[in-house]
Amino acid sequence: MASFGIWVLTIFLVFQSGYGFYLPGSYPHKYKVGDPLSVKVNSLTSIDTEMPFSYYSLPFCKPAEGVKDSAENLGELLMGDRIENSPYRFKMYTNETLIFLCQSGKLSADEFKLLKERIDEMYQVNLILDNLPAIRYTVKEGFVSRWTGYPIGVKFQDMYYVFNHLKFKVLVHKYEETNVARVMGTGDAVDVFPSGGKGGSDVPGYMVVGFEVIPCSVMHNGNLVKDLKMYDKYPSEIKCDTTTVTVPIKEGEPIVFTYEVAFEESDIKWPSRWDAYLKMEGSKVHWFSILNSLMVITFLAGIVLVIFLRTVRRDLTRYEELDKEAQAQMNEELSGWKLVVGDVFRAPSHPALLCIMVGDGVQILGMGVVTILFAALGFMSPASRGTLITGMLFFYMILGIAAGYVAVRLWRTIGCGDHKGWASVAWKAACFFPGIAFLILTILNFLLWGSHSTGAIPFSLFVILLLLWFCISVPLTLVGGYFGAKAPHIEYPVRTNQIPREIPAQKYPSWLLVLGAGTLPFGTLFIELFFIMSSIWMGRVYYVFGFLLIVMVLLVVVCAEVSLVLTYMHLCVEDWKWWWKSFFASGSVAIYIFLYSVNYLIFDLKSLSGPVSATLYLGYSLFMVLAIMLATGTIGFLSSFWFVHYLFSSVKLD
């Protein structure tokens, strides 16, 4: 009972730490005119280095009350988000101009050098108001581009200019209370807002539905700000021109920061306020990807149909129609897959490793399917930072039961019902993939710690992750293993000969065919993979989880078909060692995804600077590829196991 209490407490703490979870379209915050609005800052980010840094690592203005961390969940910390308060203060529906923020101290040599480095590396400042990231619009050749955040500064003719004046525009939508309960929703959720009673409509309320920023480089007069305090009015006119830069940074000189804010009433409804961020681009490309995948599936399904209906069924029907004497004569003339009937269920090499990898594959596949399903239903909006990662961790831990059950039951099946060693298999299944993941993350974390990046996982979070692993995931996997040991093992339909049959020499290496099989699953997902990679590494918001769910289903079907066809081809040439080959026939898609990741690094992330950034990219890619290999390989193995069991259960040979 004590251990059960620890599990419940830990799960409760995980969800308490992630209380920022909400659906898009729910929990609007109503402000009255003049109510204070607080702007928060997130980590500085860049697509050039992929290493986030704290906002206050640069000489920016700090809040008068001191820097404080906002509530964070596990997902935010793992993603490198560090949300803190900022000195920017607004009043609802109150336009303000010429607001003096602060004058930094004289730039030291180190601060000057760091500012230049961050500008060269194209770092962006990320501001948040009422959970909406600041968005910036740029127009180039008549095409409007949307960007989250704004650059720290710009380099022009060997001089570095910092954006020290911010022009904010806050879009608000009037909240009108009526005597009738009103329903708001986006399909993701429906919230009922009750009437406020008498006098409720006398004071109008507003909701924040947009947050835009225009950065400017403005030359300030240092003598004018000597006696000014934070939020005082700047005594001279400030002209914000986005086409010119006027304040070069110099060592030993301070920087003056100012801002202005304008409120504008908008027709945008509160549930639709994230549309500007989640606007789906390239929907035709997504549909093309799905149609391409459907063509691959149809082609493979045709081959599978031929195998089942024309070859297998024909042989089985012919065999069943013969009498015993004719069957005995036919046994001497058997060819192809029927010859390996006494060896097809012979235990593979390294059976424990296969069981462990299949068990972990079931866990990862289940986590992926459930997470994408919930995300497609709108439960994991980008509006709630870190929810996706937190949800993945939670589902992965819970599905430890499935990993233990599948690994142990497969172990017992291979051992013909022997219970011996099931606990060891369950324990290894609980530690195999998480152990490799911890090794990769620890090495990458040392690199991030050495770079003083906020992307580094704090030591306290490492302890929490270890506790989640050993106090929840491992016990659940052992529980699943216990149920797998109690469940009846799968009976083989035919007996295995004592002496293994010699495999005839093949015209070409069978592993070559196995590795080549991965191209078909890769063909179903490589277009969607581009959008996912762009979301992870180019800072774009990915929210087309409906498309991703369809692609996931198609990938499962293609992996099953590819592995099934390859297994049948190997059996036809009397190669009975199908266990590992069926796993890697579909699992080899991971090789092509890793090669695609290297290609993406070279051709799409050309500006990725420094060996540390490249090492981080390749390390995270390796982690992702390992998970994909286990998941897709499991699909291939389980479908092949079912196929072989079905095929030989119809054949009764002595």
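Relevant structure appears above.
For clarity, every value in this text was computed on a predicted model and none was experimentally measured.

Rules used in this analysis
- Residues numbered from 1 in each chain as written.
- Predicted model: local features only at pLDDT ≥ 70, side-chain atom pairs only at ≥ 80, totals over all residues.
- Heavy atoms only, no water.
- Helix = DSSP H or I, 4+ residues; strand = E, 2+ residues; numbered from the N terminus.
- Buried < 20%, exposed > 50% of the residue type's maximum accessible area, 1.4 Å probe, protein only.
- Contact = heavy atoms within 4.5 Å.
- Areas by Shrake-Rupley, 256 points an atom, 1.4 Å probe, with all protein chains shown as cover.
- Disulfide = S-S within 2.5 Å.
- Salt bridge = Lys/Arg side-chain N within 4 Å of Asp/Glu carboxyl O.
- Pairing = 2+ DSSP bridges.
- Patch = residues over 30% accessible without salt bridge, like charges linked within 9 Å, V, L, I, M, F, W, Y side chains within 5 Å.
- Axes fitted to C-alpha atoms, helices over the stretch in contact; angles between N-to-C directions.
- Parallel < 35°, antiparallel > 145°, perpendicular 65-115°, else oblique.
- Left-handed = near helix turned anticlockwise from the far one by under 90°.
- Nonpolar A, V, L, I, M, F, W, Y, C, P; charged D, E, K, R; others polar.
- Phe/Tyr/Trp six-rings, centres within 6.5 Å; stacked < 30°, edge-to-face > 60°.

**Thoughts on the overall build of the protein**
No. 1: Regarding its fold elements, the protein presents 17 helices and 17 strands.
No. 2: The proportion of buried residues among the 654 residues of the protein is 49%.
No. 3: Intrachain contacts of the protein at a sequence separation of at least 6 include 84% that bridge at least 24 residues.
No. 4: Only carbon and sulfur atoms are counted for the fraction: they give 63% of the accessible area of the protein, which is about 31,500 Å².

**With respect to the state of the cysteines**
No. 1: With the rule as written, the count across this model stands at two disulfides.
No. 2: Across the disulfide, C216 is cross-linked to C240 (sulfur-sulfur distance 1.6 Å). Looking along the S-S bond of the C216-C240 disulfide, the torsion reads about 40°, which is the right-handed sense. You can see C216 sitting in strand β16 (residues 205-216) and its partner C240 sitting in the loop between β16 and β17 (256-265), a full 24 residues away along the chain.
No. 3: On the accessibility criterion, C216 (1% relative accessible area) is buried.
No. 4: Judged by relative accessible area, which is 22%, C240 ranks as partly exposed.
No. 5: Each bonded cysteine of the protein is numbered by sequence order, and under that numbering the disulfide pairs are 1-2, 3-4.

**Considerations on the pattern of salt bridges**
No. 1: This model, assessed by the stated rule, comprises eight salt bridges.
No. 2: For R273, the salt bridge goes to D130, with nearest N and O atoms at 3.0 Å. Here the residue R273 occupies a position in the loop between β17 and α4 (275-278), and D130 occupies one in the loop between β6 (127-129) and β7 (132-133), the gap between them amounting to 143 residues. Comparing R273 with D130 shows no difference in burial state: the two are buried.
No. 3: One salt bridge connects D343 with R346, and the closest N-O pair in it is separated by 2.7 Å. Residue D343 shares its accessibility class with R346, and that shared class is buried.
No. 4: Linked by salt bridges that have partners in common, K169, E212 and E264 make up one network.

**Some thoughts on the sheet that holds strand β2 (residues 36-41)**
No. 1: Reading across from one edge, β3-β2-β6-β7 is the order of the four strands in this open sheet, with antiparallel pairing throughout. Among the strands making up the open sheet, the edge pair consists of β3 (84-91) and β7.
No. 2: Taken together, the two bridges between β6 and β7 define a ladder with antiparallel strand orientation. Following the sheet pairing, I128 is matched in β7 by P133.

**Examining a nonpolar patch on the surface**
No. 1: Taken together, the side chains of F446, W449, F459, V463 and L467 make up a nonpolar region of the molecular surface, amounting to roughly 530 Å² of accessible area.
No. 2: With three residues, the single largest contributor to the nonpolar patch is helix α11 (residues 459-486).
No. 3: Checked against the element boundaries, F459 lands in helix α11.

**So, the packing of helix α14 (residues 545-572) against helix α17 (residues 611-649)**
When two helices pack together, you describe them by how their axes are tilted relative to each other and by the distance separating the axes.
No. 1: Here α14 crosses α17 at 50°, and the two axes come no closer than 8 Å. The pairing of α14 with α17 is recorded here as oblique in orientation. For α14 against α17, the interelement crossing comes out right-handed. Listed contacts from α17 to L555, V556, C559, A560, S563, L564, T567, Y568 and L571 of α14 are T632, I635, G636, F637, S639, S640, W642, F643, V644, L647 and F648.
No. 2: Considered class by class, the residues forming the contact of α14 with α17 number 14 nonpolar, six polar and no charged.

**Details of the packing of aromatic side chains**
No. 1: A complete count under the given rule lists 48 aromatic pairs for this structure.
No. 2: Relative to Y492, the ring of F345 has its centre 4.5 Å away and its plane inclined at 20°; by these criteria the two rings are stacked. Here F345, found in the loop between α6 (324-332) and α7 (351-376), pairs with Y492, found in the loop between α11 and α12 (510-517); they are 147 residues apart in sequence, far enough to count as distant.
No. 3: For F345, a relative accessible area of 3% corresponds to the buried category.
No. 4: Ring geometry for F583 and F584: centres 5.3 Å apart, planes at 80°, overall edge-to-face.

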